[in-house]
Every structure is written in structure tokens, then in C-alpha cells.
Amino acid sequence: MVNTRLPDSIAVADVEAARGRLAGVLTRTPMIRLETDSGAELLLKLELLQPVRSFKVRGAYNALSMLSDAELAHGVYTASAGNMAQGLAWSARRRGVRCSVVVPDNAPATKLDGIRRLGAEIVKVPYDDWWAVFTTHRFGGLEPARFVHPVSDVGMMAGNGTIGLEILEDAPDVSAVLVPFGGGGLSCGIAAAIRASRPEVQVFGCEVDTAAPLAASIAAGRPVEVDRTPTFVDGIGGKAVLEEMWPPVKRLLAGSLVSPLSEVEAAIRLLVARCAVVAEGAGAASVAAGLRHAGSLGRIVCVVSGGNLDPSVLARILSTQQT
């Protein structure tokens, strides 16, 4: 039976239950400090140190752990640009079930290589067909395998939310948490965990100006579709905020912080130079926002969500001179 819980039903009890399922299986990621040129300090939650170099494994493992062997008999599948695919493939391999993923035809090679290493089947489709899987929750060619939504599945959101519990424990004086916004499953999961006990803590979604559907939707007061320019920032920047995610987004998030693509690249260079950390574009979007707003939001924690960046892209960014 397909999980029919709406994403806005996510609660801290779901997150706490997820934490129990993940205990002893996944890494409790460290938090490190980044000093800015202004003297302000950012705290970085390094989710790129998870087994698949991305936070997605938290939600994927939790979601599969909630399913019975009978529900998994035909395997699982998802739609992903790469990180959710790797998280689900890693989790499925531990459960001994078949995994398939629908990817956009511009998915980066680094992420595709990771999916293959984990034994998942890859189905490439044009971007619009890939996006349709998010909205319809199905891809006929892979059924009757069980579809695990990469964003709005409550089990996914709850697993992601365990990051929020760890942030409160490691930075009890936090004022704002900056989270890359792809579909809202990460930011809303974290916000559900944090705001249950610390409602004054603001959780922001972070976007890049080449595709910022959250900012546009907040301005319009409803989900709207935006024009997007494809870039190396592939883990965030979709066409729209999904309709089913709009209620938790409105309830839980303080807003959207949008950074220019050039500042995301600058954040990647800074993380390498000062922290020996290689973040992908989506993962660095929160740091770019943190650097822009340091000093105005109080004590900031940036969730560095992933580190699956093509080496050629990294080389280009590192060789680019800042102006």
C-alpha cells in the first residue's frame, strides 16, 4: 500500500522515530567552524560525509526501514538527479532489494557513476519527463516496484529531520539554520525537528538565482513555475514548488535566501581553501547565503548537504579568479 500521509503531517515524533532506525547505521556528521572575512563565524553541518556523500541516505534508509518485505517484493524506484538515487540504492542494497532510478538526461557523470557502483538500474529521460515523475508519483515502466518520493514522502522527510535534532544538540545557541532548497523535503524535515522545541529558530531555504521557485512562490503566495537556467548546481533549482509541499513550506520555513551563481562558486572555493571541504553546488548554496547574511541572522548553521561534484567542474571553479 502506498503511503498516503500528506507531507504537512510531518511532526517531531516522526523524526525521533527515524533517529532510532538510523542509530548505528549512519554517520552522525560533525559540525565545524568557518570564519568569514568580516570576522563573523558560520557553523557548517557536513552532510557530505555520509556514505554516499549526501544527506539523502538518511531519508532513504528511514523510508525503506518503514516498509515490509512484502511491500518491497518488487523492488523500489525513485526520480533523482543523483543524490537521492545513491541514497536509495545504498539503502536498498542493505535490504537486499532491487533499485531503479529515473534520472534527467543532463545528470552529472559523478553521480551516475555512484549510482552504478551501488548496483541500481538507471533510466535516463528528458528533464520534463523526469520532472513529471515528481508530480505524478509514478513511472509506468518501472512498476510494480514501490515508488519512494525523493521529497514529499514523510519517511524521507523524517529521516532528513534527524539533522535538525543533531544541530540543536551541537549548537544550542543557534538562531538560524540555512538549508539548500530543492523540493523542501530536507528543509521542512529539519524545521519540523527544530521548531517543535525551539520555534524562535528560523529555518531558511537557500536557492541560486538561476532557478529560485521557492522565492517566486513566496512572493506570489502560491506555488508558481519559474524559468530555470541549467547549471552545475543540479541538486536544487527545480521548475516549481510541488503542490503537496506548499503547506509545510508555508508553515515551517522563514523564507528563501537567493544567491548569485558566482557566489555559490566563491563558496566552493572558500570551503576548499579554508576547510579542505569539497561541496557540490547545492551543498554550497547554504554557505553562499550564510556568507551574504553573516552578522544579520545571529548564530548561523549552514547545512552542507552534499559533495558529489564532477572533478572537471571543481577544477574549473578552483581555477577561476575571483573579481
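Residues numbered from 1 in each chain as written. Predicted model: local features only at pLDDT ≥ 70, side-chain atom pairs only at ≥ 80, totals over all residues. Heavy atoms only, no water.

1. Some remarks on the overall build of the protein
- When helices and strands are tallied, the protein shows twelve helices and ten strands.
- Since a compact globule built from 323 residues should have a radius of gyration of about 20 Å, the 18 Å found for the protein is in line with a globular shape.
- Across its three principal axes, the protein shows a C-alpha extent of roughly 55 × 45 × 40 Å.
- Taken across its 323 residues, the protein has 59% of its residues classed as buried.
- In the protein, the share of contacts with a sequence separation of at least 24, taken over all contacts with a separation of at least 6, comes to 74%.
- For the protein, the exposed area adds up to about 12500 Å²; of that, 51% sits on carbon and sulfur atoms.
- Distance from the positive charge centre (31 side chains) to the negative charge centre (32 side chains) of the protein: 3 Å. (Helix = DSSP H or I, 4+ residues; strand = E, 2+ residues; numbered from the N terminus. Rg over C-alpha atoms; globule rule 2.2 N^0.38 Å. Buried < 20%, exposed > 50% of the residue type's maximum accessible area, 1.4 Å probe, protein only. Contact = heavy atoms within 4.5 Å. Areas by Shrake-Rupley, 256 points an atom, 1.4 Å probe, with all protein chains shown as cover. Lys, Arg positive; Asp, Glu negative; His and termini not counted. Charge placed at Lys NZ, Arg CZ, Asp CG, Glu CD.)

2. Structural notes on the nonpolar core
- In terms of nonpolar packing, the biggest core is built from 53 residues, with W130 and V177 touching the most fellow members.
- Excluding residues within four positions of it along the chain, W130 makes contact with A79, S80, A81, V102, V103, P104 and V125.
- Counting residues in hydrophobic clusters, the runner-up holds 36 residues, among them L46, A176, C275 and V313. (Core = buried A, V, L, I, M, F, W, Y, C linked by side-chain atoms within 4.5 Å.)

3. Regarding the layout of surface pockets
- The space that makes up the largest pocket amounts to roughly 650 Å³.
- Lining the largest pocket are 47 residues, with A81, G182, D234, G235 and I236 sitting closest to its centre.
- Looking at the lining of the largest pocket, the elements that each hand over two or more residues are helix 3 (83-95), helix 5 (127-136) and helix 7 (185-195).
- By residue number, the principal contributor to the lining of the largest pocket is helix 5, which donates four residues.
- A breakdown of the residues in the lining of the largest pocket according to their chemical character gives 25 nonpolar, 16 polar and six charged. (1 Å grid on protein atoms, 1.4 Å probe; cavity = no way out; pocket = protein on both sides within 12 Å on 5 of 7 lines; lining within 4 Å. Points joined across faces, edges and corners; volume = space filled by probe spheres on them. Nonpolar A, V, L, I, M, F, W, Y, C, P; charged D, E, K, R; others polar.)

4. Focus on empty space enclosed by the protein
- Within the structure shown, the criterion is met by one cavity of 30 Å³ or more.
- Put simply, the largest cavity is a space of about 30 Å³.
- Surrounding the largest cavity, V208, T210, A211, R228, T229, P230, T231, V233, I236 and G237 form its lining.
- For the lining of the largest cavity, the residue count by class is five nonpolar, four polar and one charged.

5. Some words on helix 11 (residues 281-293)
- Taking 1.5 Å per residue as the helical rise, helix 11 with its 13 residues ought to reach 18 Å, and the 18 Å between its terminal C-alpha atoms agrees with that figure.
- Residues of helix 11 that are buried: G281, A282, G283, A284, A285, S286, V287, A288, A289 and G290.
- Backbone geometry just downstream of helix 11 places G295 in the positive-phi region, at approximately 95°. (Expected span 1.5 Å × (residues − 1).)

6. Focus: unusual backbone geometry
- Of note, the amide linkage connecting E143 to P144 takes the cis form, showing an omega dihedral of 20°.
- By the element assignment, P144 lies in the loop between helix 5 and strand 6 (146-147).
- The residue R53 is not glycine, and still its phi comes out positive at about 60°.
- Topologically, R53 is positioned in the loop between strand 2 (41-46) and helix 2 (56-65).

7. Digging into the pattern of salt bridges
- Per the stated rule, a full pass over the model turns up 24 salt bridges.
- Of the charged contacts, one joins R19 and E169 as a salt bridge, the two residues approaching to 2.8 Å between their closest N and O atoms. In this pair, R19 sits in helix 1 (residues 12-22) while E169 sits in helix 6 (residues 154-170), placing the two residues 150 residues apart along the sequence.
- Judged by its relative accessible area of 43%, E169 is partly exposed.
- One salt bridge in this structure joins R33 and E41, with 3.4 Å as the shortest N-O distance. (Salt bridge = Lys/Arg side-chain N within 4 Å of Asp/Glu carboxyl O.)

8. Overview of the environment of P150
- Tracing the backbone shows P150 in the loop between strand 6 and helix 6.
- Sequence separation between P150 and G307 is 157 residues, and the spatial gap between their C-alpha atoms is 18 Å.
- Dropping the residues within four chain positions of it, P150 is found in contact with K56, T78, A79, M84, F134 and M156.

9. A few points about the sheet that holds strand 4 (residues 99-104)
- Judged by pairing direction, the sheet is parallel, and its four strands sit side by side in the order 5-4-3-6 without closing on themselves. At either end of the open sheet lies a strand with only one pairing partner, and these are strand 5 (121-125) and strand 6.
- Where strand 3 (residues 76-79) and strand 6 come together, two bridges link them in parallel fashion. Directly across from Y77, in strand 6, lies its bridge partner F147.
- Across the face of the sheet, helix 3 comes into contact with strand 3 and strand 4 while running at roughly 170° to strand 3.
- On top of the sheet, helix 5 reaches strand 3, strand 4, strand 5 and strand 6; it is set at about 130° to strand 4, its chief contact. (Pairing = 2+ DSSP bridges. Axes fitted to C-alpha atoms, helices over the stretch in contact; angles between N-to-C directions.)

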